[in-house]
2 protein chains.
Amino acid sequence: MNYYHEHRSEYLEGLKAFLRIPSISTLSEHKPDIRRAAEFARDELARAGLAAELIEGDGNPLVYAEWLGAPDKPTILFYGHYDVQPPDPLDEWKSPPFEPEVRGDNIFARGACDDKGQVYIQIKAVEGLLKTTGRLPVNVKFLLEGEEETGGEHIEAYVQSRPPKLKADAAVVCDTEMFAPELPTICIGLRGMVYYELFVEGASHDLHSGVYGGAAPNPIQAIAEILSALKDRDGRIRIPGFYDRVVPPSPKERDAWARLPFDEKEYTQNEMGARELTGEPGVPLFERLWARPTLEVHGIRGGFTGEGAKTVIPARATAKISTRLVADQRVDESIRQFTDAVRAATPRGVTAEVRVLHSGEPSLTNPENPFIRAGAQALQETFGKETVYIRSGGSIPIVGVFDRYLGVPSVMMGFGLPDDNLHAPNEKFHLPNFYRGIEAVGRYLEILGA
Amino acid sequence: MNYYHEHRSEYLEGLKAFLRIPSISTLSEHKPDIRRAAEFARDELARAGLAAELIEGDGNPLVYAEWLGAPDKPTILFYGHYDVQPPDPLDEWKSPPFEPEVRGDNIFARGACDDKGQVYIQIKAVEGLLKTTGRLPVNVKFLLEGEEETGGEHIEAYVQSRPPKLKADAAVVCDTEMFAPELPTICIGLRGMVYYELFVEGASHDLHSGVYGGAAPNPIQAIAEILSALKDRDGRIRIPGFYDRVVPPSPKERDAWARLPFDEKEYTQNEMGARELTGEPGVPLFERLWARPTLEVHGIRGGFTGEGAKTVIPARATAKISTRLVADQRVDESIRQFTDAVRAATPRGVTAEVRVLHSGEPSLTNPENPFIRAGAQALQETFGKETVYIRSGGSIPIVGVFDRYLGVPSVMMGFGLPDDNLHAPNEKFHLPNFYRGIEAVGRYLEILGA
């Protein structure tokens, strides 16, 4: 559609205006910016021709919009978020994070890819169809949140209340990546997760290791024993029953993954800066990353960590640990398994307490689902290449929530690239993907309405 | 000797003056106080009737003094230190740490017991004999340092140079404790130690656990694996060869330890604030504390330890670990064993580097040594109770250095009590022990000269 081509400079200016709003949800001093960003999105949706509003609640406002003029056609629910990560460390940015700058084929700004650029794709796709044809091929709803970077509690509570407003046939989530540049990609699976804090206590106060060493419990040593009991040296999780519900990828999916363009040396040495890859022996890399659960310790603290030597046996130590879950594992069951395994691994003399900080169910969609197939077709037509189906090792909890409470599959059609620096300095969005994303989403709606 | 009784109020005032000097060796802003404390000790020794001087070198001055008027008699080298620990946390002190206050039978101040009170005992014992008889029963030397709390590097280097000045038949070290109030105690064994830092690195930068979990090395997990490989759940050290040179206590020593007045419940629950004691199964408590080596982790740090959740696989993690050694283990050999064991336990994907921060050899003296026996007799006569022989789980590196470079045994005749709050707020010294300590040391010299 030529219309989209003609409006590229307008899209770029509009995106820049969106990116200039420092809508950082983790910092309370940005509350006014959060509201400005929500209003910006609402106004853009209204200008596009949808009925748009803010849904006010306990948290940051939700942006809701709808166009329901195609009664016999399916209804698509677009999801995205208008909040962004904090930009620090600021001194590593080549241009200021909230003064968007185009360099080469990319636009650099906090939120460029995650997720304002992709939200803007959705809005402009719908707008183009409405401006050129006066209608949409299917019914469309938008639900944008402003707390994705802080846990998304309030949108989850809202969706869990199953409001009639959210009734839909499928959700479209543009918050994932393409596997490689120019390679149209649909993500059909996400890992879930449970994030734990582990608190271990021994004596009531720190003890001198000369006087008490040999008799006193050591909470750091206890955490070491717990961690090495939960996962063996090879990366196998030793929590009883943990793998029982894990669904292996189909032979077809395994074959497709094996054919993905991938340079393991580049990935290991340049992208990760590591000497070698680790993980379960005999399991191929993408299966380890996408279709196998993990247990990782994210942080640990205890005792004396200043400069020099202090001979203390610490009274307490803590660790942050998560498990990533895959279909068909269940959050509740995995929490019980984890907690039981920690209890069994705790050595005598100390107490261990497990707290859950947050969790999200894993999700896996059948690639034969018609909404997924239509997405693959739209991408293929726009990018001129066959769409690949991948999964993601990360977690987008809203996808599990849509599945569970609205009963809809999520079509994860993302336009980010692996090097877009999400959550890092110099976040960028690839402009060719931005423009083609708008076309692809427009085409997607046309295919669904045909 | 009545002289000592008559001068008690003078001793108390002198000790207070010594304690008012905040000679904190770990804080460079106290350099002038360090010098004042050294000069104070030198002047006290000169006033007592010894030839006293400061030995200047790279570090804080050593205080040296001698009285050599008994050519046919043995020579005793008194050791002590005039520097003290920092007093923080200040708000937990009931009276200011450098404004000594007598409450009940105790004097409260930083350094009261460790070690100014005990240094003052030595000086006043010698002074009393010189003032009343005009001479000493044996030759006496003093060597006091001002860096004991920072590692004692410079005195070690000085002793290692074997200066003729330090020629002696035995050293007397008053820097240990009595096993219980009113129970005269000589310590015949000390654990040595090696203090390590362990640095583990995986990828070059922190990685997202969703994207890379299942492929990325995790340095915290690696430290957990190393720690649990080095020591098993029951407290047995698994470093190959580590126990090979460990000398078990004699049956006589074991019997004596079993007869020590001791309330395990009080020790566990009140003194340590622990639920139960840990350590090698089947090994009695005092043997675990005094005659068995240990491996303890003192501190660990890595990854995200702030509030809330961050799903990072950290690039690096560090731990501080020490091994306490017992006779006849050797520092150099144990470092090799430890380093080899860490290497063998390091999982793939990470590198582990071991650095030694400091070390000290273990020491064990024969209780039949005549200088030890005379010490036991002096204590027994002064306190009116049989002297017990114990060991200490802690480390006093100078004892090993005296043994190795001067060839002299150390008589560890200490007057501290287990609840004297060394290195903690409200450090105190029991005044009856202070006064009786002066008498006991005086009596010791008389016995040696008889």
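Residues numbered from 1 in each chain as written. Chains lettered and ligands numbered in written order. Predicted model: local features only at pLDDT ≥ 70, side-chain atom pairs only at ≥ 80, totals over all residues.

Quick notes on the interface of chain A and chain B
Where we set the bar: Two residues qualify as a contact pair if the distance between their C-beta atoms, derived from the backbone, is within 7 Å. For the purposes of this entry, the term helix denotes a DSSP run of H or I that reaches at least four residues, the term strand denotes a run of E that reaches at least two, and both are numbered from the N terminus. Residues are sorted three ways: Asp, Glu, Lys and Arg are charged, Ala, Val, Leu, Ile, Met, Phe, Trp, Tyr, Cys and Pro are nonpolar, and all the rest, Gly among them, are polar. Two strands pair if DSSP finds at least two bridges between them.
Between chain A and chain B, the contact holds 67 residues from the first and 67 residues from the second. Of all elements in the fold, only β10 (207-208), α6 (209-212), α7 (219-230), α10 (285-290), β11 (294-303), β12 (312-313), β13 (316-325) and β14 (351-360) of chain A reach the threshold of two or more residues within the side of chain A that touches chain B. The biggest single contributor to the side of chain A that touches chain B is β11(A), with nine residues. Residues that form the side of chain A that touches chain B fall into these classes: 25 nonpolar, 28 polar and 14 charged. With five bridges joining them, β11(A) and strand β11 (residues 294-303) of chain B adopt antiparallel strand pairing. From the neighbouring strand, A:G303 faces β11(B), where its bridge partner is B:G299.

Observations concerning the domain arrangement of chain A
By convention, interface size is frequently given as the accessible area that disappears when the constituent parts associate. Residue and element names in this part refer to chain A. Note the following rule: Residue ranges assigned to each domain were obtained from an automatic or database domain assignment.
Its domain assignment divides chain A into domain 1 (2-190 + 362-449) and domain 2 (192-246 + 293-360). Between the C-alpha centres of domain 1 and domain 2 the distance comes to 37 Å. Taken together, the contact between domain 1 and domain 2 spans nine residues of the former and nine residues of the latter. Its residues assigned to classes, the side of domain 1 that touches domain 2 shows three nonpolar, six polar and no charged.

Concerning helix α2 (residues 8-19) of chain B
All names here are of chain B. This is how it is decided: Multiply 1.5 Å by the residue count of a helix minus one, and that product is the helix's expected span. For every residue, the other C-beta atoms within 10 Å of its own C-beta are counted; 20 or more classify it as buried, 12 or fewer as exposed, and values in between as partly exposed. C-beta atoms are placed from the backbone. Working note: the arc is built from the helix axis to C-beta atom directions.
If you check α2, its first and last C-alpha atoms are 16 Å apart, about what 12 residues at 1.5 Å a residue would give, namely 16 Å. Listing the buried residues of α2 in full gives Y11, L15, F18 and L19. Relative to the axis of α2, the buried residues are bounded by an arc of 95° and lie together on one face. Facing away from the buried surface of α2 by more than 90 degrees, the exposed residues are S9, E10 and E13. If you follow the buried residues of α2, they end up packed against α3 (31-48), β5 (106-108), α4 (112-133) and α14 (431-449).

Considering the pairing of strand β3 (residues 75-81) of chain B
Residue and element names in this part refer to chain B. Within β3, seven of the seven residues are buried, which leaves the element mostly enclosed by the surrounding structure. Neither face of β3 is open: one carries T75, L77, Y79 and H81, the other I76, F78 and G80, and all of them are buried. The pairing of β3 with strand β6 (residues 139-145) spans seven bridges and is classified as parallel. By the bridge assignment, Y79 is partnered in β6 with L143. One ladder, built from four bridges, connects β3 with strand β7 (residues 170-173); its direction is parallel. Each residue of the ladder has a partner; that of F78, found in β7, is V172.

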